[in-house]
Structures are given as C-alpha cells and as structure tokens.
Amino acid sequence: MGFTKENRIKIGSNKGFDLFLLFSMLALYSFLIFSVHAAERVIIKADGSSTVYPISEAVAEEFQKAKKGAVNVTIGISGTGGGFKKFCRGETDISNASRPILKNEIEQCEQNRVEFIELPIAYDGLAVMVNPKNNWVDKLTVEELKKIWAPESQGKITRWNQIRTGWPQSTMRLFGPGVDSGTFDYFTEAIVGKAKASRGDYTSSEDDNVLVQGIAGDINALGYFGLAYYEENKDRLKLVPIVNPKTGKAVLPSMETVMNNSYQPLSRPLFIYINKKSLDKKEVYEFVDFYLKNGKKLVREARYIPLPDSAYRLAEERFRSKKTKSVFAGEPEVGLSVEELLKREQKK
Amino acid sequence: MNREDLKIYTARYIDHAFAITGLLCCLASLGIIAVLFFDLVLDGLPRITSTFFFSFPSRIPEKAGILSAWVGSVIVIVVTALFSIPIGVATGIYLEEYGKKNWITDIIEINISNLAGVPSIIYGLLSLSLFVYLLKFGESILTGGLTLGLLILPIVITATRESIRTIPQSIREASYALGATKWQTIRWHIIPYSTGGILTGIIIGLSRAIGETAPLITIGALTFIAFLPSSPIQPSFPFISFGWLFDAFTVMPVQIFNWISRPQKGFHINAAAASSVLLVMTLLLNGIAIYIRYRFRRRIRW
C-alpha cells in the first residue's frame, strides 16, 4: 500500500537531492532576475485608433520589408483616446488618431514635456446605415440625426415616426461604436455638437462587425461606423444619404464625395502624431518619411481616401521642419475640407 | 401491484429519468462544442497551411499568419508556468500540511476562493499598475506571463489542496510511525501521491490562461508584431540572454480578436483558422492532463 515503485527504491535517499533541487531552482530564478537586460534592438512603438490601424499596419509591413527586418514596428489598438494617454506619457513614438488631439490631452503632453508633430495622412467617411429592407429612410438631415442621437433623446425618442411624420411607428434599434473610439467622438461632435455627448441606450461595440451583424439582422436598425466596413458588407447594409447643411443636397458617402468635400459633416481627416524626441532615433525618422512617401498608395489599399498630393507635400514639409503643436489647438472641429486643412497647414 | 412495488417502480423510473437527463446534458454540451469546432474548421480549413503557421501578420489576409501569435502564446505560457507552479503548489502544501487553523489561514483561504471568482480583466488592471507602471516591466512577455500566472494561481492552489486531501491520513501516520519527519513525509509521500492531481490542475489552469484575452489587452498586448522575441541564446558571453522577457508580444486570442474586428472577409477566415488552432492547442493541453491523471492513478493503489 502506498509506495510507488520509484519511491521504494529512493526511500532513505538523501536530503542532498532536495537541497540540490531547491538551490538549482533559486539559482535559476535569480539568474532570470539578474541576467535580464533590455533588448538592444530598435523598436518603433505605435498605438492608438483602430480606424487608422490598417494604414499604419500596411506602412509598417512595407517598411519592415524594405529594411529587411532590421527595424521592428509594433502597433497597438488602444483607441484614439487610449493611444494619446500612452503617447503623452512618452511611452509610444507614434500615436494613430482618428480625430485631432484634444485640449486636455495637449495639457497631458505638456506636463510630461512631450512635444509632438501632427501629420494628416488620409480621409475617412462616417457612414450612417440601415437595414436593406428599410424602405422609408431615403435621406437624413443633421437635425434628424441629432434628434436620434442626442443625450436628451434617451428613453424619449424611440420610434421612427418621432423623427419624421409618415415613418412607421415601430421602435428604432440603434447601433454605434464604443465610447473610447475616435469615431464616436467625431460623430457626436459633428451631429450633436459636443464630443462624447450621446444617448446611452443603444447597442455599442468596439467591434464594428458586431454593428454590421446587428444592422443586417434587424429591419428597424440604424447605426454608424467607418465607410470601410460598408464597402465589405454592401449586400447586407443600406447606406443613408446625408443632407449637406451648406448646400442642402443629400449626398451618399463615397471616395469622390469625401474627397470633393460634398459629403459633410461626416468626413474626417485621420492623423498620426509623432513624439518629437523620438525623431532623434534615425529609424523613427525613416519610418515617418516612408509613411508620407508611400502613404497615398497604402491608404487606398487600406480602403481609406488619400489626401491630395499637395497635402502630402505640405505634411512632408511640416515633418522636415519638425513643426510641433496641433493646428486645431485642442478645439475639436468638424466638416474640415481638404482645402481648409491645407490652408491651416500653410498658415502655421 | 401493491404499494411497495409501486414505490420500487417509481424509484427505478426516477433513476432512469435522471440517467437519461444526465446523458442528454452531456451530449448537448459535447454537441455544442462539436458544432462550434466544425463550423470553425469549415471556415478556416483552406487557410490552415504551413505558411499560415510561419508567416507574420499582414494587411493582406491571404499572406497573414500566426507566427508571432503562437510563439508569443507558448512563451507567455512558459513564463506563467514558471511563476505560478512553485508559488501555487507551495501555497497548497503549506495550507494543507503546515498551516494551523487560525484566522490568518482563514483569511488566506477566503482570499483564494474569492480570487478564483474575480473577473479576469481585474487581473489585467492590477498588473497594469503593478507590473507595467510600478515595477516598470513594460508591456512585455514578463508582464503577460505574471498576469496570467496570478490569474491561474487560485486554480493551482485549489487543485493542489484537493489532491492532497485525497491522501488518507493513515499514510501520514504510517510515515511518522517509521520515524520520518514532517518534511520527509511530505517529500516522499504527500507530493508523489498528489502529483497527478496537481499536474492536472496546473494544466487546466494553463489551458485557461492560453485562451485569455481581456487581461492581456488591458496590459497592452499589441496587435501588430511582425518579429519574434530576441533569441535566448547569444553568440557572446554569457551566451544566454533573458532580454526576450522584456520584448513586446502578441498572443493567439489577441490576434484572433484583431482579425475578427477587421472589415475584410479574408481576415474572418483567418480568425476562424486561428481559432481552430487555439482550440486544438487547448484540447491538446487537456488531453495531456487526462493522460497524466491516468498514468498517476494507475501507479498508485491504496
């Protein structure tokens, strides 16, 4: 009873073995602790918006290929806000952002003496979508969208006929991105007039495919997210034309309408922010340079809308002269056209 | 039919009914796993090739692979095991064999059972402030391993204790009667006899850790990593480097999470393929656990 074969042989064997085991383990762990030193190779760290991620990923992939693996790039997706938190603590070299940096984030950066260079890299359209079976929504105005999404509407505006008379009495099902995303910030700013001001009683997800599923499966659904997700799910979603408040025309988002600025106010520029100190590292400088030179092609491949050539040139100038600070000065703004953005670039 | 007979029949009927219900529940859960697994494999099969295992993530779904993800998962799990096994097993042995029943052990015990129920994201937040900021380990393999180690510590401790408890008291008494000290008893009897149960617990803990996403995302596991951690073997003195402990990493669940949230269909196929690979990894770990338990049970007869 009780003894395994080995034990019967080993019983009475020495304490030495136990001590040996104990010491070798201690040795291993102390070795682990003391022999550790930070890796010497160069790593470029980027983090931030999941909207900008596909572009940065494409650039990083091509850059690493061009450098034959000598330089490594890592990219995280903490969201625009989460990315800036890390960026302003000086933890990352580059922050991907789907909206300009905000005032409190600038303050954070200043506190930690992080100077940054702001570079626009692409345009993106926010699409408002309904179920393909929905035959009543032909277009939406900014006012109607505001009525749907404003914080005051929570629990009150729940039926389609409250938005426009003649629409059905059925209950709306709303879908939108999570509150940490720049998409949410931009949409609320553009529609409600205040960033992050939104009703809370809707289905939110950081994963846009969940929103696609939700809208595709419910005739009463309405939601918004980046245009790239519509492009991949054209048969399951119906795009809603948005009335441009300046011209009064209903415009469908597309490559052309975003580029020629007629799809407003839901077109937005995308940015990368670069820690000025990181540019002392030759590799980071080369990476950003590569980003601007190859951005146009890769932006299109990532299904975003490239800026005009002149804008890339100006961004490059700004980068070469290492001009810091944001052209937005922390004030969130919507409906910025390529021309307006360029003027600001020139003014500074 | 008299009343006694009726009672017997009812009892038998209940007996059968329960057996059938149990079987149905069993089949239902097996069926769900099977359906999920086949659905994943059907979606992902065309992508499961050797290039998928040996390519880095890419913006082109067909070229993207899981090299950095599975290597990251394996390394993080190794660190997790190195951290949680010694501490967990030692704690279990202490609580069962040495710990006196007093308020301190009571507190430890309550804490352990509470920790097992804490949502995994809380562990992520804890290690974010402790390992990443306070101890300055950064978003590294070390941080990831320690986080998951903390997460499965309660599982390892509980498994150790449970399996020590199955050892009859008479074994200890026999050992003492032969003049063995407490440590000798533990070293030559308690640990060997409970090894099967302890290993099973450890592996079940590790197979939980391998599928965890939330705590790793919290500490900042990255999604685009197209390189491997630095090599542990160096050409110059001291030949072994632990620099890889401080390298950035990604793991399978994080890679899957990233692919699922991409718009392109091709990435969803990749996600299905990677999920099947992860599922097979977990099944393998659990299979090893079952085998170990079988081996050790066979060797020990009370």
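Residues numbered from 1 in each chain as written. Chains lettered and ligands numbered in written order. Predicted model: local features only at pLDDT ≥ 70, side-chain atom pairs only at ≥ 80, totals over all residues. Heavy atoms only, no water.

## Some details on the domain arrangement of chain B
Residues and elements named next belong to chain B.
Consideration 1: The domains assigned to chain B are domain 1 (1-47) and domain 2 (48-301).
Consideration 2: Relative placement of domain 1 and domain 2: their C-alpha centres are 32 Å apart.
Consideration 3: The partner domain 2 presents 14 residues to the eight residues of domain 1 that form the contact.
Consideration 4: Carbon and sulfur atoms supply 68% of the area that domain 1 and domain 2 bury against each other, a total of about 920 Å² over both sides.
Consideration 5: A per-residue breakdown of the area domain 1 buries against domain 2 is headed by Phe37, Leu40 and Arg47, which together make up 72% of the total.
Consideration 6: If you look at where domain 1 meets domain 2, you find five residue pairs in polar contact (both at pLDDT 80 or more).
Consideration 7: Class assignment for the residues of the side of domain 1 that touches domain 2 results in five nonpolar, one polar and two charged. (Domains from an automatic or database assignment. Contact = heavy atoms within 4.5 Å. Buried area = accessible area lost by both parts, 1.4 Å probe. Polar contact = N/O pair within 3.5 Å; in protein donor to acceptor, adjacent residues only side chain to side chain. Nonpolar A, V, L, I, M, F, W, Y, C, P; charged D, E, K, R; others polar.)

## Considerations on the state of the cysteines
Consideration 1: Using the criterion set out here, one finds one disulfide over all chains in the structure.
Consideration 2: One disulfide bridge connects Cys88 of chain A with Cys109 of chain A, the sulfur atoms lying 2.0 Å from each other. Judged by the torsion about the S-S bond (-70°), the Cys88 of chain A/Cys109 of chain A disulfide is left-handed. One end of the pair, Cys88 of chain A, is in helix α4 (residues 79-88); the other, Cys109 of chain A, is in helix α5 (residues 103-111), and 21 residues separate them in sequence. The same class applies to Cys88 of chain A and to Cys109 of chain A, which are both buried.
Consideration 3: You can see Cys25 of chain B has no disulfide; the closest cysteine sulfur is in Cys26 of chain B, sitting 8.3 Å from it.
Consideration 4: Exposure remark for Cys26 of chain B: the relative accessible area of 42% places this residue in the partly exposed category. (Disulfide = S-S within 2.5 Å. Helix = DSSP H or I, 4+ residues; strand = E, 2+ residues; numbered from the N terminus. Buried < 20%, exposed > 50% of the residue type's maximum accessible area, 1.4 Å probe, protein only.)

## Points about the side chain of Asn275 of chain A
Residue and element names in this part refer to chain A.
Consideration 1: Within the element layout of this structure, Asn275 appears in strand β11 (residues 267-275).
Consideration 2: From its side chain, Asn275 meets the backbone nitrogen of Lys277 in a polar contact 3.0 Å long.
Consideration 3: Not counting the four nearest positions on each side in its chain, Asn275 is found in contact with Phe87, Gly90, Thr92, Asp93, Val114 and Glu115.

## A short note on the side chain of Ser95 of chain A
All names here are of chain A.
Consideration 1: With respect to the helices and strands, Ser95 occurs in strand β3 (residues 94-97).
Consideration 2: The class for Ser95 is buried, based on a relative accessible area of 0%.
Consideration 3: Among the polar contacts listed, one links the side chain of Ser95 to the backbone oxygen of Gly83, at a separation of 3.4 Å.

## Considering the pattern of salt bridges
Consideration 1: For the structure on display, the rule yields 32 salt bridges over all chains.
Consideration 2: One salt bridge connects Glu232 of chain A with Arg303 of chain A, and the closest N-O pair in it is separated by 2.9 Å. Here the residue Glu232 of chain A occupies a position in the loop between α9 (227-231) and β8 (238-239), and Arg303 of chain A occupies one in the loop between α11 (282-301) and α12 (309-320), the gap between them amounting to 71 residues.
Consideration 3: Salt bridges linked by common partners bring Glu61, Glu62, Lys65 and Glu301 of chain A together with Arg59 of chain B together as one network. (Salt bridge = Lys/Arg side-chain N within 4 Å of Asp/Glu carboxyl O.)

## Let's talk about helix α5 (residues 120-134) of chain B
Helical geometry note: an α-helix holds 3.6 residues per turn, so side chains three or four residues apart project in the same direction.
Residue and element names in this part refer to chain B.
Consideration 1: The terminal C-alpha atoms of α5 lie 20 Å apart, and with 15 residues this matches the ideal 21 Å at 1.5 Å per residue to within 8%.
Consideration 2: Roughly 35° is the biggest bend found in α5, and it falls at Ser127.
Consideration 3: Among all positions of α5, only Ser120, Tyr123, Gly124, Ser127, Phe131 and Val132 are buried.
Consideration 4: Considering only its buried residues, α5 is in contact with α4 (103-115), α6 (141-165), α8 (182-209) and α9 (214-219).
Consideration 5: Phi for Lys136, located one or two positions after α5, is positive at around 60°. (Expected span 1.5 Å × (residues − 1). Bend = angle between axes of the 7 residues up to and from the residue.)

## Some words on the packing of helix α1 (residues 3-44) of chain B against helix α11 (residues 265-299) of chain B
Residue and element names in this part refer to chain B.
Consideration 1: Orientation of α1 relative to α11, taken along the N-to-C sense of each, is 130°, at an axis distance of 7 Å. Judged on the interaxial angle alone, α11 and α1 are oblique. Between α1 and α11 lies a crossing of left-handed hand. In this structure, α1 uses Phe37, Leu40, Val41, Asp43 and Gly44 to contact α11, whose residues at the interface are Ile269, Ala272, Ala273, Ser275, Ser276, Leu279 and Val280.
Consideration 2: When the residues that make up the contact of α1 with α11 are grouped by side-chain class, the tally is eight nonpolar, three polar and one charged. (Axes fitted to C-alpha atoms, helices over the stretch in contact; angles between N-to-C directions. Parallel < 35°, antiparallel > 145°, perpendicular 65-115°, else oblique. Left-handed = near helix turned anticlockwise from the far one by under 90°.)

## Quick look at the nonpolar core
Consideration 1: Judged by nonpolar contacts, the single largest core of 86 residues is most densely connected at Val128, Leu140, Trp149 and Leu266 of chain A.
Consideration 2: Here this core gets ten residues from one element, more than from any other, and that element is strand β4 (residues 116-130) of chain A.
Consideration 3: Non-local contacts of Leu266 of chain A, meaning those with residues more than four positions away in its chain, are made with Asp124, Gly125, Leu126, Val128, Leu145, Tyr186, Phe187, Ala190, Ile191 and Ile242 of chain A.
Consideration 4: Of all hydrophobic cores here, the second largest spans 61 residues; its members include Ala69, Phe83, Leu150 and Leu245 of chain B. (Core = buried A, V, L, I, M, F, W, Y, C linked by side-chain atoms within 4.5 Å.)

## Quick look at unusual backbone geometry
All names here are of chain A.
Consideration 1: Pro265 follows Gln264 through a cis peptide bond whose omega is 10°.
Consideration 2: Topologically, Pro265 is positioned in the loop between α10 (255-259) and β11.
Consideration 3: Positive phi, normally seen in glycine, also occurs at Arg113, with a value near 55°.
Consideration 4: Assignment of secondary structure puts Arg113 in the loop between α5 and β4.
Consideration 5: In this structure, Arg303 is a non-glycine residue whose phi angle is positive, near 70°.

## So, the environment of Pro119 of chain B
Residues and elements named next belong to chain B.
Consideration 1: Relative to the elements of secondary structure, Pro119 occurs in the loop between α4 and α5.
Consideration 2: Accessibility expressed as a relative area gives 49% for Pro119, which makes it partly exposed.
Consideration 3: With 95 residues separating them in the primary sequence, Pro119 and Ala214 have C-alpha atoms 9.3 Å apart.

## A few points about the environment of Glu283 of chain A
Residue and element names in this part refer to chain A.
Consideration 1: Assignment of secondary structure puts Glu283 in helix α11.
Consideration 2: Spatially, the C-alpha atom of Glu283 lies 28 Å from that of Asp124, the residues being 159 residues apart in sequence.
Consideration 3: Contact partners of Glu283, with chain neighbours within four places excluded, come to Val42, Ile44, Phe63 and Val71.

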